[in-house]
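Below are the chains, spelled out letter by letter.
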Amino acid sequence: MPYARFEKLVIAVGFAAIAGSLFFSYQGAVVIEEIIAQLLLLGVLIGAAHWGRNGGFVAALLASLVYITMRIPLVIESEGLTTDIAALLAVRILSYGLVGIVGGELCSRLKYLFARLERSSSIDDWSQVYNQQFIARALETTLGQFDRYHSPFSVLTIEIAEALTAELRPSRHRMLVRGVANHIRNDIRLVDEVGRLDDGRYLIVLPHTARDGALVASERISAGVADVLGAKSDSISVTLLSAPEDRAAIVELAAGLRKADESAQDSVSGS
């Protein structure tokens, strides 16, 4: 199942569950604050399903702040924070946290589990994100959607200076690769795609993202990768390509990846 379809399914099920809860819980006296609290929970679910753990955390934090703000009049009326009010706040904040953080992490893991189940050879062994063959297909698919619907998209390639890993033991090198991949995966939307190329670079496909948005993402991701590696920012090289501005360069990149895959398959067949 493509993750985009799974995301829509999760949101639809969440919406139905919350709508049902509202219908059966508030047929008598209507408590506006609790209805809003349920709707906030739906927002947290959308954040987790679309952005993963980091997005779910931010959505949970915002929802908690909004709910606490709404309940300030109740605290004032009760002349202080009673046990019942504290329990009410704790339950809501805990539910937002579970849905946002735990749900976001589960969605992130399920995305790559689906890919692994669908195509056993789609995951890079070291990084546990997509391998070159799969991310190349994802790039071609996104390029095809651009040609058909003219929706902008961007592509980032991230290259780490060879000096940072040249003298590392294989086990340590593999650990750093996994750490970088995990950071990138957690720092992008779940609808975005990230893969590790055979030459060690990371390729990120950002659907429906124009150059300005991709530039912000590239600066954030680059700084995060440097922090993970404990390296200077100039050790991380980021190349940004956006469609429609750089369509020709993206086509060339996709063709190069396809040619590399064909050459690798020919080598395997020949051996």
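Analysis parameters
- Residues numbered from 1 in each chain as written.
- Predicted model: local features only at pLDDT ≥ 70, side-chain atom pairs only at ≥ 80, totals over all residues.
- Heavy atoms only, no water.
- Pairing = 2+ DSSP bridges.
- Helix = DSSP H or I, 4+ residues; strand = E, 2+ residues; numbered from the N terminus.
- Axes fitted to C-alpha atoms, helices over the stretch in contact; angles between N-to-C directions.
- Salt bridge = Lys/Arg side-chain N within 4 Å of Asp/Glu carboxyl O.
- Buried < 20%, exposed > 50% of the residue type's maximum accessible area, 1.4 Å probe, protein only.
- Expected span 1.5 Å × (residues − 1).
- Phe/Tyr/Trp six-rings, centres within 6.5 Å; stacked < 30°, edge-to-face > 60°.
- Core = buried A, V, L, I, M, F, W, Y, C linked by side-chain atoms within 4.5 Å.

Caption draft 1: Looking closely at the sheet that holds strand E1 (residues 153-160). Within the open sheet, the four strands sit side by side as E2-E3-E1-E4. Their pairing is antiparallel. One side of each edge strand has no neighbouring strand; the edge strands of this open sheet are strand E2 (193-196) and strand E4 (236-243). In this sheet, neighbouring strand axes are inclined to one another by 15° on average, regardless of whether the strands run parallel or antiparallel. Of the pairings in the sheet, the one linking E1 to E4 comprises eight bridges and is antiparallel in character.

Caption draft 2: Looking closely at the pattern of salt bridges. Tallying each qualifying case throughout the model produces nine salt bridges. For Arg174, the salt bridge is made with Asp125, and the minimal N-O distance between the two is 3.0 Å. Separated by 49 residues along the polypeptide, Arg174 in helix H6 (residues 170-187) and Asp125 in the loop between helix H4 (83-118) and helix H5 (132-149) bring together distant segments of the chain. For Arg174, a relative accessible area of 30% translates into the label partly exposed. Residue Asp125 is classed as partly exposed on the basis of its relative accessible area, which comes to 48%.

Caption draft 3: Structural detail: H5. The terminal C-alpha atoms of H5 lie 25 Å apart, and with 18 residues this matches the ideal 26 Å at 1.5 Å per residue to within 8%. Within H5 the residues assigned to the buried category are Gln132, Phe134, Ile135, Ala136, Ala138, Leu139, Thr142, Leu143 and Phe146. Looking one or two residues beyond H5, the residue adopting positive phi is His150, at roughly 60°.

Caption draft 4: Focus on the packing of aromatic side chains. On inspection of all chains with the given rule, the structure shows two aromatic pairs. Geometrically, the ring pair formed by Tyr130 and Phe134 is stacked, given 4.1 Å between the ring centres and 25° between the ring planes. Accessibility classification places Tyr130 together with Phe134 in one group, the buried group. Ring geometry for Phe146 versus Phe153: centroids 6.0 Å apart, planes at 65°, classification edge-to-face.

Caption draft 5: Fine view of the nonpolar core. Among the nonpolar cores identified, the biggest contains 41 residues, and Leu139, Phe153, Ile184, Leu203, Ile204, Ile221 and Ile250 are the most heavily contacted of them. Broken down by secondary-structure element, the contributors of at least two residues to this core are H5, E1, H6, strand E3 (202-207), helix H7 (211-229), E4 and helix H8 (247-270). Counting 21 residues, the second-largest nonpolar core is a separate cluster that includes Phe6, Leu22, Met70 and Leu89.

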